Structure formats: structure tokens, C-alpha cells
Amino acid sequence: MPRIFHLIAVFVLVGSAVYLYRVKYETIYLSEQVAKLKRDIAREKDAISTLHAEWQQLNSPERLQKLAHANSQLTTLRVHQIAGWAEIPDRSTTVDMIGDKLLSLGEDHPSSPSAHSGHARVKVPSTASEGPSNEN
Amino acid sequence: MKIDHRLFDMARAEPLAVGPDVLLRPSLFVRIFQSLFRMRIHKSGGRILWLGFGFIVFYGLIVWKLAMLALYPGEVQKIAFPSEATATARPDILDRNGTVLATDIKTVSLFAEPCKVLDADEAVEMITAVLPDLDPRRLREKLASDRCFEWIKRELSPQKQKEIHNLGLPGLGFTAENKRIYPNGSEAAHVIGTADIDNTGISGIEKYIDGQGLADLKGAGLNIQSDDLKPVALSIDLRVQHAMRDELQKAIEKYKARAASGVILDATTGEVISLVSLPDFDPNFPAEAQKVDAINRIVVGTYEMGSTFKALTTAMALDSGKFTINSTLDARAGIRYGRFKIGDFHPQNRILTVPEVFIHSSNIGSARMALGVGIPGHQAFLKKMGILDRLQTELPESAAPQLPKRWSELSTITIAYGHGLAVSPLQAVMATAALVNGGYLIPPTFLPRTPEQASAMATKVISPETSEAIRYVMRLNATEGTARAAAIPGYFVGGKTGTADQSGKSGYDNKTVLTTFMAVTPADKPRYLLLTMLDDPQAVEGTYGYRTAGQNAGPVTGLILERVAPLLGLVPRSEPPVMPFPTMVKLGAWGTK
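Residues numbered from 1 in each chain as written. Chains lettered and ligands numbered in written order. Predicted model: local features only at pLDDT ≥ 70, side-chain atom pairs only at ≥ 80, totals over all residues. Heavy atoms only, no water.

1. Here's the deal with the overall build of chain B
Along the backbone of chain B there are 19 helices and 18 strands. Taking all 593 residues of chain B together, 50% fall into the buried category. For chain B, restricting intrachain contacts to residue pairs at least 6 apart in sequence, the fraction spanning at least 24 positions comes to 70%. As displayed, chain B offers around 29200 Å² of accessible surface, 59% of which is attributable to carbon and sulfur atoms. (Helix = DSSP H or I, 4+ residues; strand = E, 2+ residues; numbered from the N terminus. Buried < 20%, exposed > 50% of the residue type's maximum accessible area, 1.4 Å probe, protein only. Contact = heavy atoms within 4.5 Å. Areas by Shrake-Rupley, 256 points an atom, 1.4 Å probe, with all protein chains shown as cover.)

Pasting the structure below:
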């Protein structure tokens, strides 16, 4: 019986040594990874703050104003250019000038399908609804 | 042979003699394995001894090595890492919308350990080849010394760093440092201030931040990283700041002024939205800030504010109860005082009501109001309005007002129309804000503040009725009086002009003037106060030969207002407000009918 215990003890000892070895080297490897990642993060952060500074430098109002003056026709906003909702006029009804003209000339209103080739588009919806019937 | 044979037989025979045991005999492999762990004292004694000896040798070696390491540490190769950033991190400074005003970027600096430099002459030659702007003589002195640390060059470009690195010189090293960057250049320079090459704040908010504990942390030797620090937000709006600066720059050109400055204050919270003082400086080059001309005129300069002070005088007169909005003042002739005679710039030569005194900017009328209140009352009122004491803000810079040496009746007369008492413009703006916002004096700030925080620290200085009267006369001045140039339609602007003679070597001369304009918008429910100041503007084309505030500071204020109002979220109204001044109408004040 004691020999069995000895045997178990030896296996446990060897096993734990192997395990410890592995854990130790894994830890070293991981902490190297952590250090590397930390370094990378710090580098990225530095890069971000540099880019932030550069972004703001490029977007500084003075520079934008110079560019706007050089490259666009826009001028400074005047107060009369600002309007409230109430001052915006309603959308006007669209005027079909050609249709009106045709009517005044006494032409047929495009009700008959064969009138003009120009009215083909008007025709399309009606024929299209006929086309794919419920055969399927 | 025989004996051998016999021995062999014995050995063989012995187990046989055991008899039945032979059947239980273990296999050869098991026996060998068992013998490994057979604990027999006569056998194990020797083994334990050997083992013990082995351990003693092994640990002895470790102790020996430890002792050697402790005794001769010089043999150990020390690996040097560049220390993290010598110039420590500072928090970012943002404007009220979160736009970056100041931030840190990492740069690399070159240092030398002269005690490790082998050949100083060779090193000098090679370094100056890469960095031609270094002085070779000074560099040689540095490298030939026996010190162990010298800066060679701060803030290298990555390209130069690589070139220096490739020289392969011993005793040179690089270290990462933080460098302060102000991406908007001169914009808001007076508020932000500057930091020196060691990233220590030396003026403006930068110095204020150091005073808030950052310097203590550094002093304690803590290595501060930029992400440990919360950004500092200001009350400044960069867009408004730029618009104002741009317009003031144009004003300097147009009116050939020596300097221009302006400030926008939120009258409800005391936040400074924009502060411009021209000429200014670029905080990226801290040396520029030392120019005499580049002082912060709004905070550090003190000026006799001229007629804009009449708002204070009028409020004092009304709030004292000795005058009402309908009181009349005799402006038929100037006031004689000793050898002085006080007259009006736009003489009316008749009896004026209080609103008329204001819109005609009558010195005589204002002086009579102040005399009616009396010297002690005048002093007490100005004291209450914070005019007689040094105004402290977050900015480390401040200026004490210059009071008359002896406050005589003449002092009261002149101070009534803004001469004889020099105050910082920010102080005047703070007092005027209290006059129009319902009577609450709120100390101005450069940090964001909510209306609740503001009302918690506000002191009530005048009655709401007096405040309404001041708003009324300022609005009246923008429709009928000298402030018309700034009355942008839709924003219901109120205002007051001021043109002060500047005192030269021999007292006042009327060669140079300081023109000011104080605007409030919207006048029925004040939100913003805008002050514009032009130093020594000239009469130019389009000003009809005048150089008074109504011809220069007024129109400039109008331009600024028109440009910044949309940024400030003010909506122009097509219809004027209904009954903006009910009390004035009830009292039947001049101009309401």
C-alpha cells in the first residue's frame, strides 16, 4: 500500500513540475504580449492625439475662412438671409405648361392611348397592370 | 569450478527451498522496479548522504553567485530604457463645444551622457552635420564636461532622430517628451495662455490649471500620463471667438486704430463666450506673448470707459429713489466747477428727461444725477457693482482699478460720465450685465457655468424695475440715439456708445480717443452683452469726419453681432416683442408714446 502512495506521489511531483514549467513559460509569454500591447496602445494613443491636433490645425477657423474665400463665392451670412418656418412659403402647385398649352389649342387630352408617342409614359401604368395577370 | 557450481546451485536452490512460494514469485521487471523503492537502512544511508551533498553543492553555488552579484554590481549589464516623457503631460483644453484649443503631442528629444562620450570632437562634428542649427562651440563644451546629463536638442523630428540614431555614437540617447500644441494659432491666445518647453503653464488658463493641483502632482514626482487627466473645457466658443477677432482685425485696418478688443459675456451666467484683444500672439511661440503690445486689454488693461459709464450713473440715480424715469435735468448750460467747465458733445441746451439724457449722452445730465445722489452714495453704489475692487477671474492676470486719489465732488461729476476712474473692461461689462439682467451681479468666468450655479453665486444689486429702465433706455438709444449703427434688425439690440479722450503726458488731450460700444441683445430679455473697444481710431472715409464711437465702434459691433448671433443660437424675430417694457409704459416714460 505505501508503495502505491509513493508511486502516486512521484507522478504528482513530475506532473506538477511539468505543469509549473508550462504555466511559467506561458506567463512569461503572456506578460511579454501584455507589455507589447501596452506599448502599441501607447503608440496608437500618441498617434491619435497627434492626428487630433493636426485635424484641428486643418480645421482652424482662420484657415477655413481663407480657403472659403479663395475657393468659393460664399460671403458672410447676413441677417436677412435667415428666415423662420412661418416665413417659408408653401410649395406652389406644379404648373403643367405644355399640357395647358395643348388644352388651349384644343388638342385631345391624352386620354386616348393612341394619341401621341410622347404619351407612352402615361400609358405604361395602365398596360403594366394588365400585363402580368394572375396566371402564375 | 566446483565451488562456483555449488554457489550457483545454492543461489538457484534457495528459492526452491521455499517451496510453494515459487508460484508467487514476481516477474523480473516488477522486481527491478520494486528494488528502486526498497527502503533498507543499510542501503539508503549512502544514497541520502550523496543526495545531501549534491544539494549543498547546488545551493552553495547559488549563494556564491548571489554574493558575487552583490559585491560587484558593475559587472551586470544594465539595460537602459528611455524614461517616459520628461516634460509631463497636461490636460487638453477644449472650447465649450469640445473643439481642441490646446493638446499634447509626443516629441523626441536628444540628450547626451557626456561621461560616456568617447570622442567629444568627433561627436560634435557628426551631430552638427545632422543638426546644423546647433552651436558647435557650446555643444563641445557640453560633451566635454564630465556631467552625466545634458540636453542636446529638444523636440526633434522623426527624420532627424533616425539620422542621429544611425550615427551610432555612444553616450547619446533619446527620450519621449510632451510638447504643447495650440492648433488654432492666435485664436483665444489671451484666455488659453501658454506653457513653456517643460510644459509648465506660464500664463492664462494654462497657469490656472497648474494652480489646480497639477503642479503639486508633478512636484511629488508622479509621472502623469495624458490619459490620466480630464480635459478642461472653457466657456469660450471658438467660432464666435474667430468671427469677433476677424471683424476686429478688419476694424483696425479700416479705422487705422492702434488696437482693438472685444468681449462677449453671457449676461445670465457670467460666462465669457469670447475675448479678443488685438494685437495678440501665437501661444505656440511663447516669446511672442512678452510683447508689450500683446497684453490682455480686456482683463489687464484699465481704461476710462467714457459714456458707457452713464448706464451705471443712470441706474444709480433711479435705484437711489431720488430720481424716476420721468425726472428732468437742467442741461441748458454747462456745469462750472472751479476752473473746469463740463459741457455736452451734442448740446441740447434744454431741460432733459432721464431717457433723453441717456440717448443724447449728456454729460451735464449725468453729472447732475451723480451730484443728486452724492459722493458717499456714488462710492457705495460703484463698490456694490464691483467697480472699485480688483476683479479676479480664473486667469492669473488681473488689474486693480485706478481710483482718484481724493474723491472730490469733481471726481463724482467726471466719473458720472466715465472719466477719472479707470477700470478693466471686463469689470465694466460685468457691472453692465447686472444692470440689464434684472439686477444680479455675477462674477465673470472662463469656465462653463449653468444658470443654476450662476444664480447661486449672484448678488442682487439693483431692483428689477431699475434694470428694466436701463434696458429701455439702451433700446431707445439703438432706435433713436447714437447706437443705431449696431441695431441689427431682428435681434432687438440695445446699446451705448462711449468716446473717451485718452490722458496723455499733460493731462487729457483730444488728440487720441478710446471708443467703446456696449451692446445688449435681446434688450427685452438680455442674454448676451457685447463690448467693443477701439484704441485711437481715425476719422476715415465714411465716418463724416468723426471718430466717435457711433461712427466706428458702433458699426463694428453691428458687424460682429450679425455674424455671431446665429452661432450663439439667437433667432432673429421679424416682429418686435409685444410690450417689452411694461413698467416704462405704465410710468409714461419719455419715448414710450
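2. Notes on the side chain of D344 of chain B
Residue and element names in this part refer to chain B. One can find D344 in the loop between β11 (340-342) and β12 (351-353). Look at D344: it is buried, it has no salt bridge, and the nearest opposite charge is K310 at 6.2 Å. At 2.7 Å, the side chain of D344 forms a polar contact with the backbone nitrogen of N363. A polar side-chain atom of D344 sits 3.0 Å from the main-chain amide nitrogen of I364. Here D344 is in contact with A331, S362, N363 and I364, once residues within four sequence places are set aside. (Lys, Arg positive; Asp, Glu negative; His and termini not counted. Salt bridge = Lys/Arg side-chain N within 4 Å of Asp/Glu carboxyl O. Polar contact = N/O pair within 3.5 Å; in protein donor to acceptor, adjacent residues only side chain to side chain.)

3. Section: unusual backbone geometry
What is expected of a backbone is that most residues other than glycine have negative phi and most peptide bonds are trans. Residue and element names in this part refer to chain B. That bond from L278 to P279 is cis: its omega, 0 degrees, falls within 30 degrees of zero. Here P279 shows up in the loop between β7 (272-278) and β8 (303-304). Cis peptide bonds are those with omega within 30 degrees of zero, and the linkage from T521 to P522 qualifies with -20 degrees. Within the secondary structure, P522 is located in the loop between β17 (507-521) and β18 (528-535). Residues other than glycine seldom take positive phi values, yet S361 does so here, at roughly 50 degrees. If you trace the backbone, S361 turns up in the loop between α11 (354-359) and α12 (363-373).

4. Focus: the pattern of salt bridges
By the definition in use, this model includes 31 salt bridges over all chains. The shortest N-O distance in the salt bridge between D40 of chain A and R43 of chain A comes to 3.4 Å. Here R43 of chain A and D40 of chain A lie together in helix α1 (residues 2-58), a separation of 3 residues that amounts to about one turn. K383 of chain B is the partner of D389 of chain B in a salt bridge, and the nearest nitrogen-oxygen pair spans 3.0 Å. Accessibility expressed as a relative area gives 32% for D389 of chain B, which makes it partly exposed. Salt bridges linked by common partners bring R90, D104, R180, E206 and D210 of chain B together as one network.

5. Details of the confidence of the model for chain B
Low pLDDT means the predicted coordinates in that region are not meant to be read closely. Residue and element names in this part refer to chain B. Confidence along chain B averages 85 in pLDDT terms, with 88% of residues attaining 70 or more. Note on residues 1-19: pLDDT is under 50 here. Beyond four places in sequence and across chains, it has 2 contacts. In this model residues 75-85 is a low-confidence stretch, pLDDT under 50, and it forms 13 contacts with partners more than four residues away in sequence or in other chains. (pLDDT = per-residue confidence, 0-100.)

6. Quick word on the state of the cysteines
Residues and elements named next belong to chain B. A complete count under the given rule lists 1 disulfide over all chains for this structure. Disulfide partner of C115: C148, at an S-S distance of 2.2 Å. Here the disulfide of C115 and C148 is right-handed, its torsion about the S-S bond being about 115 degrees. Residue C115 is located in the loop between β2 (100-112) and α4 (120-130), and its partner C148 is located in the loop between α5 (136-144) and β3 (150-156); the two are separated by 33 residues in the primary sequence. Residue C115 is classed as partly exposed on the basis of its relative accessible area, which comes to 38%. Given the relative accessible area of 46%, C148 is considered partly exposed. (Disulfide = S-S within 2.5 Å.)

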